[in-house]
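Here are the chains, one letter per residue:
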Amino acid sequence: MRSLVVLTGAAIGTFLVSPAPPVSAAPLTTVAAPLAGVSGAAVSRALAQAPTSAVARTPGIPLKVRSAASATSTRVGTVENGTPLTVDCQVTGQMVEGTVRTTNRWDRLTSGGFVSDAYVARPAEPPVCGAAPAGPAAPREAGAFISSGVGHARRAQATYGVPASVSLGQAILESGWGASELARVEHNLFGIKCFGWAGPIATGCAKYRTSECAGTRCYPTSATFRSYRSESDSYDDHGRFLRVNERYAGSFGATGNPDEFARRIAKAGYATDPRYADKVITLMKRYNLYQYDL
């Protein structure tokens, strides 16, 4: 299990706030272009990562190698229990309850074919196939972080109605300016949990240590969070998450008032911190994130 450097949420996770990085002297005037998908260069970088060493764990029976990420796809081979495996990357497929874990992740082998990660023991989690590489551990400079998210936030606003200023403010707070391990490795900027499945945009789920609050008392715990191919997908899933969950329906009566929108999603249970909305609004005002709303 990994530990979070910074994380929040409540219906989604709780949060620990990192100090803000320095802001560049020049005002932020450029708007990042929307990222339609992961670029070929990003895919090449991800696939260039060193393969992950693993071992098949199927006592008494061979592990079936499939042509795709499903137990019903064509069997292209088998490997015996205890056989070393070299995993190129992971994809999302059929949920399987195995001897090591229950997961919808399937491992693509460097030798070809897929095996369910439910039967694979490994020291580290392989990268998601086609995912952007992990980001730097240090918080990003404020102007750069905001600029990189503006296009994604505005596209999500056009699609789902969440004010871009709120999305950007939450991304800053939830990810600690992109420095949390959840943000760097899973590209999850909003602390959205899996709640039993990854949804249509995320690539899978990963377990992390986090903290939750009950009133004024906060305590450590762990939860399963969504993984994404890119931060662009994280922004899209955040917008969709708020739009399709009935508990947040009342928030969309305040799309023209970002501060009120932030208060309503907090009141609906987005975070357990009673000061969550105030913290998001403070960031929106400090960095004038309202200028990016459509």
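Preceding this paragraph is the structure being described.
Quick caveat: nothing in here was measured; it's all calculated off a predicted structure. (Residues numbered from 1 in each chain as written. Predicted model: local features only at pLDDT ≥ 70, side-chain atom pairs only at ≥ 80, totals over all residues. Heavy atoms only, no water.)

A.B. asks: Tell me what's going on with the pattern of salt bridges, and back it up with residues and numbers.
C.D. replies: Under the criterion given, the structure shown has 8 salt bridges. As a salt-bridge pair, R264 and E260 come within 3.0 Å of each other at their nearest N and O atoms. One end of the pair is R264 and the other is E260, both in helix 6 (residues 258-267) and 4 residues apart, which spans about a single turn. The exposure class of E260 is partly exposed, given its relative accessible area of 25%. Between K279 and D273 there is a salt bridge whose closest N-O contact spans 2.7 Å. Take K279: its relative accessible area is 21%, and that puts it in the partly exposed class. (Salt bridge = Lys/Arg side-chain N within 4 Å of Asp/Glu carboxyl O. Helix = DSSP H or I, 4+ residues; strand = E, 2+ residues; numbered from the N terminus. Buried < 20%, exposed > 50% of the residue type's maximum accessible area, 1.4 Å probe, protein only.)

A.B. asks: Before we move on, could you go through unusual backbone geometry and cite the residues and values that matter?
C.D. replies: Look at W177: it is not a glycine, yet its phi comes out positive at around 60°. Relative to the helices and strands, W177 is located in the loop between helix 3 (164-175) and helix 4 (181-186). Since its relative accessible area comes to 2%, W177 is described here as buried. The phi dihedral of H187 is positive, around 60°, even though this residue is not glycine. Note that H187 resides in the loop between helix 4 and strand 9 (204-214). Of the residues examined, H187 reaches a relative accessible area of 5% and is grouped as buried.

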